Amino acid sequence: MKKLTIVKVGGNVINNPDALESFLTDFAALEGNKILVHGGGKRATQLAADLGVEATMINGRRVTDTTTLEIVTMVYAGLLNKNITATLQKYDCNALGLSGADGNSIQAHKRIVKDVDYGFAGDVDGINANNIATFIEGGMTPVFCAITHDTKGQLLNTNADTIASTIAVGMSEKYDVSLIYTFEKNGVLTSVDDDNSVITDIDSPKYAELKANGIIADGMLPKMENCFDALQKGVSEVIIGNPTVILNKEQLFTTLTL
């Protein structure tokens, strides 16, 4: 099977023009088939504030009402997605900016209300692996934002980490997939204040221990759950590290295995 690398970029990298430019330079230089997935929540929150719209967060997740959906779509699928694709084109990477609605690439449903109504938040049902593979085999590099659709005309705001893991699982039927999550830290840390306290290897028992001891908590929990779900469903490798890890493995980073 051909190799496919799926990279999710997030955290403060998206909000730092110099850091983003440096990352995109490296991503463009990454050889072989690849897909980029990006978030942009902080930029959306900033624009919402500029427009006088207060962001509502519950359990670390954004509540997406109608106005917020319009804002995140403008930011994720418009401003950020097109700036990223334009920058990649500058570095001779033939990027194709996409939402989940484009090419019917990512289907989702509006999150079922249980304890909390998250509004137009989307939970992914599946991806169109054939269409995504067509883009890749045509020499293009898909760049997905965190907007999906329900196949009935409704756009949905979806967690970018989940999108990355779902694409990785779906494409693993056609490719040997490596999934890399990049953000401003060097990996999964024992202390959030010490960038060198990287836990270099985490398997399922180790993950359970770290979670029970509260070392892995808050926003890292859903990321880790997505990672282990991807491994269980056929993804070959999952790495978490700072943006330079995509080209430089001679540094601290976290590797996840079952």
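Our structure's up above, just so we're on the same page.
Cut-offs applied
- Residues numbered from 1 in each chain as written.
- Predicted model: local features only at pLDDT ≥ 70, side-chain atom pairs only at ≥ 80, totals over all residues.
- Heavy atoms only, no water.
- Helix = DSSP H or I, 4+ residues; strand = E, 2+ residues; numbered from the N terminus.
- Rg over C-alpha atoms; globule rule 2.2 N^0.38 Å.
- Buried < 20%, exposed > 50% of the residue type's maximum accessible area, 1.4 Å probe, protein only.
- Contact = heavy atoms within 4.5 Å.
- Areas by Shrake-Rupley, 256 points an atom, 1.4 Å probe, with all protein chains shown as cover.
- Pairing = 2+ DSSP bridges.
- Phe/Tyr/Trp six-rings, centres within 6.5 Å; stacked < 30°, edge-to-face > 60°.
- Lys NZ or Arg CZ within 6 Å of the ring centre and 35° of its normal.
- Expected span 1.5 Å × (residues − 1).
- Polar contact = N/O pair within 3.5 Å; in protein donor to acceptor, adjacent residues only side chain to side chain.
- Bend = angle between axes of the 7 residues up to and from the residue.
- Salt bridge = Lys/Arg side-chain N within 4 Å of Asp/Glu carboxyl O.

> Is there a simple way to explain the overall build of the protein in this structure?
Counting its regular elements, the protein contains seven helices and 14 strands. The globule rule puts the C-alpha radius of gyration for 258 residues at 18 Å, and the 17 Å found for the protein is close to it. Taken along the three principal axes of its C-alpha coordinates, the protein extends 45 × 45 × 35 Å. Counting only residues that meet the buried cut, the protein has 51% of its 258 residues in that class. Taking as baseline every contact in the protein between residues at least 6 positions apart, the subset at least 24 positions apart corresponds to 70%. By element, 48% of the accessible surface of the protein is carried by carbon and sulfur atoms, the whole surface being about 11,600 Å².

> Mind showing me how you'd approach unusual backbone geometry here?
What is expected of a backbone is that most residues other than glycine have negative phi and most peptide bonds are trans. Although it is not a glycine, Asp 92 sits at a positive phi angle of roughly 60°. As for its placement among the helices and strands, Asp 92 is situated in the loop between helix H3 (66–90) and strand E5 (95–98). Backbone geometry at Thr 151 places phi at a positive 65°, although glycine is not the residue there. Topologically, Thr 151 is positioned in the loop between strand E9 (147–149) and strand E10 (155–157).

> Explanation requested: the pairing of strand E8 (residues 141–144) in the structure shown.
Residues in a regular strand project their side chains so that they alternate between the two faces of the sheet. Going residue by residue along E8, you find Thr 141 and Val 143 tucked away on one face and Pro 142 and Phe 144 tucked away on the opposite face as well. Bridge count for strand E2 (residues 33–38) against E8 is two bridges, and the pairing is parallel. Paired with Val 37 across the strands is Phe 144, a residue of E8. The pairing of E5 with E8 spans four bridges and is parallel. Across the sheet, residue Leu 96 finds its bridge partner in E8, namely Pro 142.

> I tried to follow the packing of aromatic side chains on my own but got confused; where do I start?
The relation between two aromatic rings is expressed through the spacing of the ring centres and the mutual angle of the planes. Tallied over the entire structure, the rule returns two aromatic pairs. Consider the rings of Tyr 207 and Phe 228, whose centres lie 4.9 Å apart with planes at 20°: the pair is stacked. A residue pair is termed long-range when its members are at least 10 positions apart, and Tyr 207 in helix H6 (residues 204–212) and Phe 228 in helix H7 (residues 220–232) qualify at 21 residues. Here the basic side chain of Lys 34 rests over the ring of Phe 27, its NZ or CZ set 5.1 Å away from the ring centre. The ring centre of Phe 120 lies 5.9 Å from the NZ or CZ of Lys 110, which sits over that ring.

> Can you help me understand H7 in this one?
It helps to recall that an α-helix has 3.6 residues per turn; residues three or four apart then point in one direction. Its 13 residues give H7 an end-to-end C-alpha distance of 18 Å, which sits within 8% of 18 Å, the value for a rise of 1.5 Å per residue. Buried within H7 we find Met 220, Lys 223, Met 224, Asn 226, Cys 227, Phe 228, Ala 230 and Leu 231. Just beyond H7, the residue with positive phi is Gly 234, at close to 115°.

> How should I be thinking about the side chain of Ser 105 in this particular structure?
Looking at the element boundaries, Ser 105 is found in the loop between E5 and strand E6 (106–110). Among the polar contacts listed, one links the side chain of Ser 105 to the backbone oxygen of Asp 102, at a separation of 2.5 Å. Residues within four places of Ser 105 in sequence aside, it is in contact with Ser 99, Gly 100, Gly 126, Ile 127, Asn 128, Ile 132, Phe 135 and Phe 144.

> Help me understand H3, please; the structure alone is not making it clear to me.
Taking 1.5 Å of rise per residue, the 25 residues of H3 would be expected to cover 36 Å, and the 35 Å separating its terminal C-alpha atoms lies within 8% of that figure. The sharpest bend along H3 measures roughly 35° and falls at Asn 81. The positive-phi residue at the C-terminal boundary of H3 is Asp 92, with phi of around 60°.

> When you look at the pattern of salt bridges in this model, what are you seeing that I'm missing?
Side-chain pairs of opposite charge can arise whenever the charged atoms involved come near each other. Under the defined criterion, the tally for this structure stands at eight salt bridges. A salt bridge links Asp 123 to Arg 111; its shortest N-O distance comes to 3.0 Å. Of this pair, Asp 123 sits in strand E7 (residues 122–127) while Arg 111 sits in the loop between E6 and E7, and the two are 12 residues apart along the sequence. Given a relative accessible area of 25%, Asp 123 falls into the partly exposed group. Looking at Arg 111, the relative accessible area reads 17%, which means it is buried. Note that Lys 233 is salt-bridged to Asp 229, the shortest N-O span being 3.2 Å.

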